[in-house]
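Topology and contacts: notes
Residue strings, one per chain:
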Amino acid sequence: MGIKIYGADPVILQETGQKLEEVLKTVEGTRSVYAERTDGGYYLYIEPDRFKLARHGLTVEDVNMVIESAIGGMPVTRTVEGRERYPVAVRYKKSFRSDIESIKSVLIPVGMNGSADTQASGGMGSGEAGGRSGYVPLGEVAEVYMKPGPDMLKNENGLLVSYIYVDTDTGVDVGRYVERAMKAV
């Protein structure tokens, strides 16, 4: 048997689930009860600083393109094997993107007019008079950090949902058990 809890905040859902778990353990006829845990995940946050980007002639889009291609992997072509097609993605080797310090070291190309100029000149910028070219590390233009959060989110009808699983003793009248559980809650 189970209980669904709906809400907008995953932290409150988990707290409510754990409270219900404790209450339901005390209900006569309960063999076991388990409320899903949603914490335990960690997320990588990269927050570009628009002022620092502007000093280098970069945009948030430039940073996003580098993150997508170097860290996430960007499809560059497709391979055909018989009737099957597979995308081929290119990204940095795992050792260059596996920890925060490595990610802060990911290089963003800087050209006189941003990434368009850099791409046109083969990645080193135009080198025209007055223009700056080269690379800037991601850590100089963005905050890069890990933050805990839910490892998985479930939703139904636009709301987050969490489940509580209840196992009753053999021979327990489910209707009466539900009445006792509702009264306890």
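Residues numbered from 1 in each chain as written. Predicted model: local features only at pLDDT ≥ 70, side-chain atom pairs only at ≥ 80, totals over all residues. Heavy atoms only, no water.

**A word on the overall build of the protein chain**
Each helix and strand counted, the protein chain has seven helices and 10 strands in total. Within the protein chain, the fraction of its 185 residues that count as buried is 29%. The long-range fraction of contacts in the protein chain, counting pairs at least 24 apart against all pairs at least 6 apart in sequence, stands at 64%. Surface exposure of the protein chain reaches about 12,100 Å², of which carbon and sulfur atoms provide 53%. (Helix = DSSP H or I, 4+ residues; strand = E, 2+ residues; numbered from the N terminus. Buried < 20%, exposed > 50% of the residue type's maximum accessible area, 1.4 Å probe, protein only. Contact = heavy atoms within 4.5 Å. Areas by Shrake-Rupley, 256 points an atom, 1.4 Å probe, with all protein chains shown as cover.)

**Overview of the side chain of serine 102**
Structurally, the position occupied by serine 102 is in helix H4 (residues 100-104). Relative accessible area serves as the criterion here: at 18%, serine 102 is assigned to the buried category. In this structure serine 102 touches Ser95, Phe96 and Arg97, once residues within four positions along its chain are discounted.

**Considerations on the side chain of glutamate 21**
Take glutamate 21: it is sitting in helix H1 (residues 10-25). What makes glutamate 21 buried here is its relative accessible area of 6%. In this structure the side chain of glutamate 21 is engaged in a polar contact, spanning 2.7 Å, whose partner is the backbone nitrogen of alanine 35. Excluding anything up to four places from it in sequence, glutamate 21 contacts Val33, Tyr34, Ala35 and Arg37. (Polar contact = N/O pair within 3.5 Å; in protein donor to acceptor, adjacent residues only side chain to side chain.)

**Considerations on the packing of aromatic side chains**
Counted by the stated rule, this structure contains three aromatic pairs. Their ring planes at 5 degrees and their centres at 5.4 Å tell us that tyrosine 45 and tyrosine 145 sit as a pair that is stacked. One end of the pair, tyrosine 45, is in strand E3 (residues 41-48); the other, tyrosine 145, is in strand E8 (residues 142-149), and 100 residues separate them in sequence. The exposure class of tyrosine 145 is partly exposed, given its relative accessible area of 28%. Taking the centre distance of 6.3 Å and the plane angle of 40 degrees together, the rings of tyrosine 163 and tyrosine 165 count as tilted. (Phe/Tyr/Trp six-rings, centres within 6.5 Å; stacked < 30°, edge-to-face > 60°.)

**Section: unusual backbone geometry**
Although it is not a glycine, asparagine 157 adopts a positive phi angle of roughly 50 degrees. Its place among the elements puts asparagine 157 in the loop between strand E9 (155-156) and strand E10 (159-168). Residue classification places asparagine 157 among the exposed residues on the basis of a relative accessible area of 78%.

**Quick look at H1**
An α-helical segment advances 3.6 residues per turn. Residues three or four places apart therefore align on the same side. Here H1 spans 22 Å end to end across 16 residues, near enough to the 22 Å set by a 1.5 Å rise per residue. For H1, every residue scored as buried is listed here: Leu13, Gln14, Gly17, Leu20, Glu21 and Leu24. Looking down the long axis of H1, one finds its buried residues gathered within 130 degrees of arc, a one-sided arrangement. The outward face of H1, more than 90 degrees from its buried face, is lined by the exposed residues Val11 and Lys19. Contacts made by the buried residues of H1 are with strand E1 (2-7), strand E2 (30-35), E10 and helix H7 (174-184). You can read the cap of H1 off the contacts: a side-chain oxygen lies 2.9 Å from the backbone nitrogen of valine 11, and it is on aspartate 9. (Expected span 1.5 Å × (residues − 1). Arc of directions from axis to C-beta.)

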